[in-house]
Structure formats: C-alpha cells, structure tokens
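Coordinates in review
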Amino acid sequence: EAFQSGSARVFVGQITAAGTGLTLTAAHTMLFAELDWVPGNVIQCEDRCHRFGQKDPVRIFHITSRGSVDARMIKALVDKQKVIESVVA
C-alpha cells in the first residue's frame, strides 16, 4: 500500500511471494536479482507492473554476470519460453 500510494519509493519482494496478488502499477522499473526455473513465475511477477491502471512504460532488468550460472539459467528460461510459445501458438 505504501508503494502504491507513493509514500515508499522502493518495493522489494521475492518472485514466489510477490508474483501473485499484488498490483504494483506505481512502478515503471523492475530489477530482478533472482531467477525462477519456471518462465511463467517470472512472467507472472513481471505482470504485477503491467496491469490495468499502468500509465507509464515499464522497464524490466535481470541482473547477472556474463558466464555465470545465472546467465546460463536466463538462456534456459528464454529457450523454455520459446518452446512454450511455439506449442501454444
């Protein structure tokens, strides 16, 4: 509530805890410092800002280091999402 009303400038949440049941349309930038093996969980979390009432473009960043395990995990997530989209389409 404090974030949505503007009295707090930063919202910190975990993907699984903050991925459902929240509206974060006061945000225009999301910064992910963690990943989830399920692409849908990441998309669900990103969608907290992409909801009815969002007035601004939303920028989403995923922090990782080149060559790290997280970098390989991001590639795997992107590949998984491509497979999911090809089956659904």
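A brief report on the enclosed structure follows. (Residues numbered from 1 in each chain as written. Predicted model: local features only at pLDDT ≥ 70, side-chain atom pairs only at ≥ 80, totals over all residues. Heavy atoms only, no water.)

Let us now look at the nonpolar core. Judged by nonpolar contacts, F3, I15, L24, A27, M30, F32, V42, C45, C49 and V58 together constitute the single largest core of 10 residues. The set of elements that each furnish at least two residues to this core consists of β1 (29-32) and α3 (39-46). Excluding its chain neighbours within four sequence positions, the residues that come into contact with V58 are A27, H28, C49 and H50. (Core = buried A, V, L, I, M, F, W, Y, C linked by side-chain atoms within 4.5 Å. Buried < 20%, exposed > 50% of the residue type's maximum accessible area, 1.4 Å probe, protein only. Helix = DSSP H or I, 4+ residues; strand = E, 2+ residues; numbered from the N terminus. Contact = heavy atoms within 4.5 Å.)

Across the two faces of β1 the burial differs, with M30 and F32 buried and T29 and L31 not buried at all. Of the strand pairs in this sheet, β1 and strand β2 (residues 59-62) are connected by four bridges, and their pairing is parallel. Bridge assignment links F32 to a residue of β2, and that residue is H62. Viewed along the sheet, the connection from β1 through α3 into β2 turns out right-handed. (Pairing = 2+ DSSP bridges. Right-handed = clockwise from strand over helix to strand, strands pointing away.)

Here we take up the packing of aromatic side chains. Applying the stated criterion across every chain, the model contains one aromatic pair. Each ring, one from F3 and one from F11, has its centre 6.1 Å from the other, and the planes form 55 degrees; the classification is tilted. Classification of F3 by relative accessible area gives buried; the value is 13%. (Phe/Tyr/Trp six-rings, centres within 6.5 Å; stacked < 30°, edge-to-face > 60°.)

Here T20 shows up in the loop between α2 (15-18) and β1. The sequence separation of T20 and R66 amounts to 46 residues, and the corresponding C-alpha distance is 30 Å. Apart from the residues within four sequence positions on either side, T20 is in contact with Q44 and R48.

On to the side chain of E46. Of note, E46 is situated in helix α3. Here E46 is buried and forms no salt bridge, its nearest opposite-charge partner R48 lying at an N-O distance of 10 Å. Residues in contact with E46, not counting those within four places in the same chain, are M30, F32, I60 and H62. (Lys, Arg positive; Asp, Glu negative; His and termini not counted. Salt bridge = Lys/Arg side-chain N within 4 Å of Asp/Glu carboxyl O.)

Working definition: two side chains of opposite charge can pair if their charged atoms are close together. Inspection of every chain in the model, using the stated rule, returns one salt bridge. Residue K75 is joined to D79 by a salt bridge in which the shortest nitrogen-to-oxygen separation is 2.9 Å. Here the residue K75 and the residue D79 both occupy positions in helix α4 (residues 69-88), the gap between them amounting to four residues, near one helical turn. Classification of D79 by relative accessible area gives partly exposed; the value is 32%.

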